[in-house]
Amino acid sequence: MKATGIVRRIDDLGRVVVPKEIRRTLRIREGDPLEIFTDREGSVILKKYSPIADLGEFAQEYADSLYEATRHIVLIADQDEVVAVAGASRKSFYERRITEHVEEVMRNRKPFLSNTANENPPIEDLELSSQVIAPIIVEGDIAGAVIMLSQEGKSMGELELKLAETAAGFLAKQLGQ
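Residues numbered from 1 in each chain as written. Predicted model: local features only at pLDDT ≥ 70, side-chain atom pairs only at ≥ 80, totals over all residues. Heavy atoms only, no water.

### Overview of the nonpolar core
Next up, step 1: The biggest cluster of nonpolar side chains holds 25 residues, and the ones touching the most others in it are Ile-52, Ile-76, Ile-136, Val-146, Met-148 and Leu-175.
Next up, step 2: When contributions to this core are tallied by element, the ones reaching two or more residues are α2 (51-55), α3 (57-70), β3 (73-77), β4 (82-86), β6 (130-138), β7 (141-150) and α6 (158-176).
Next up, step 3: The dominant element in this core, judged by the number of residues it contributes, is α6, at seven residues.
Next up, step 4: Ignoring sequence-local partners within four residues, the contact set of Ile-76 consists of Ile-52, Ala-59, Ala-63, Glu-81, Val-82, Val-83, Ala-84, Ile-136, Ala-145 and Leu-171.
Next up, step 5: Residues Ala-77, Val-105, Ile-133 and Ile-147 belong to the second largest nonpolar core, which totals 18 residues. (Core = buried A, V, L, I, M, F, W, Y, C linked by side-chain atoms within 4.5 Å. Buried < 20%, exposed > 50% of the residue type's maximum accessible area, 1.4 Å probe, protein only. Helix = DSSP H or I, 4+ residues; strand = E, 2+ residues; numbered from the N terminus. Contact = heavy atoms within 4.5 Å.)

This is the structure:
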């Protein structure tokens, strides 16, 4: 655990303010769910909750299936980072932060298709020829995105867009149960 040197008091309603600097660094926004943990030493740990990460193996299996059908790299991300990878080295993508562009696509709640090389990559320092991003929306809330990438000069079209949207819809239904 890393000390910040910041001390906050609990108010009469049991609330604690998480400082702006920490919220900015950890990408915690108003309304984001936080999971609360305790350990044996009496520490209270707050962790940003990711329903997509809770799907774990299921999300990975879906990514694998989508890759087998399309031969495009498939990433499944929560609101902050990649939680499942298929068709590429796991260590190249897993737990890497998504870019502001992917966050914007999720906020707009509309899928994105680009066949322009290296335009707004979903991960920093990534070479790609085309991409599709489909937001995962659960009961009106943004949960993450399904991202398909091509690094081999192959362009993507309506088929890949529909496949990514279908995957996003299916994962949303799994989260909404």
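### Side note on the packing of α3 against α6
Next up, step 1: Contact geometry of α3 with α6 gives a least axis separation of 12 Å together with a crossing angle of 165°. Put simply, α3 runs roughly antiparallel to α6. When the axes of α3 and α6 are compared, the crossing they make is right-handed. Here α3 contributes Phe-58, Ala-59, Tyr-62, Leu-66 and Thr-70 to the contact with α6, which in turn contributes Leu-163, Thr-166, Ala-167, Phe-170, Leu-171 and Gln-174.
Next up, step 2: Its residues placed into classes, the contact of α3 with α6 shows eight nonpolar, three polar and no charged. (Axes fitted to C-alpha atoms, helices over the stretch in contact; angles between N-to-C directions. Parallel < 35°, antiparallel > 145°, perpendicular 65-115°, else oblique. Left-handed = near helix turned anticlockwise from the far one by under 90°. Nonpolar A, V, L, I, M, F, W, Y, C, P; charged D, E, K, R; others polar.)

### Re the layout of surface pockets
By rolling a water-sized probe across the atoms, one finds the places where empty space is left.
Next up, step 1: Of the pockets and cavities examined, the largest pocket occupies roughly 1500 Å³.
Next up, step 2: What lines the largest pocket is a set of 48 residues, and nearest its centre among them are Leu-26, Ile-28, Ile-45, Leu-46 and Lys-47.
Next up, step 3: Mapped by element, the contributors of at least two residues to the lining of the largest pocket are α1 (20-25), β1 (34-38), β2 (44-48), α2, α3 and β4.
Next up, step 4: Take the lining of the largest pocket: its biggest share by element is five residues, from β2.
Next up, step 5: Taken together, the residues of the lining of the largest pocket break down into 26 nonpolar, eight polar and 14 charged.
Next up, step 6: Counted as a void, the second largest pocket has a volume near 380 Å³.
Next up, step 7: Around the second largest pocket, the lining is made up of 18 residues, and of these Asp-32, Gln-79, Asp-141, Ile-142 and Ala-143 lie nearest the centre.
Next up, step 8: Those elements giving two or more residues to the lining of the second largest pocket turn out to be α5 (100-108) and β7.
Next up, step 9: Residue classes in the lining of the second largest pocket are distributed as seven nonpolar, three polar and eight charged. (1 Å grid on protein atoms, 1.4 Å probe; cavity = no way out; pocket = protein on both sides within 12 Å on 5 of 7 lines; lining within 4 Å. Points joined across faces, edges and corners; volume = space filled by probe spheres on them.)

### Some thoughts on α5
Residues lying three or four places apart along an α-helix face the same way, a consequence of the helix completing one turn every 3.6 residues.
Next up, step 1: Among the residues of α5, His-101, Val-102, Glu-103, Val-105 and Met-106 are the ones counted as buried.
Next up, step 2: Close packing links the buried residues of α5 with β5 (112-114), β6 and β7.
Next up, step 3: Within two residues after α5, Arg-109 carries a phi angle of roughly 60°, on the positive side.

### Topic: the pattern of salt bridges
Next up, step 1: Evaluation of the coordinates by the stated rule reveals three salt bridges.
Next up, step 2: One salt bridge in this structure joins Arg-15 and Asp-11, with 2.8 Å as the shortest N-O distance.
Next up, step 3: Overall, the relative accessible area of 29% leaves Asp-11 in the partly exposed class.
Next up, step 4: Lys-162 serves as the salt-bridge partner of Glu-165, at 3.6 Å between the closest nitrogen and oxygen. Of this pair, Glu-165 and Lys-162 both sit in helix α6, three residues apart, which is roughly one turn of that helix. (Salt bridge = Lys/Arg side-chain N within 4 Å of Asp/Glu carboxyl O.)

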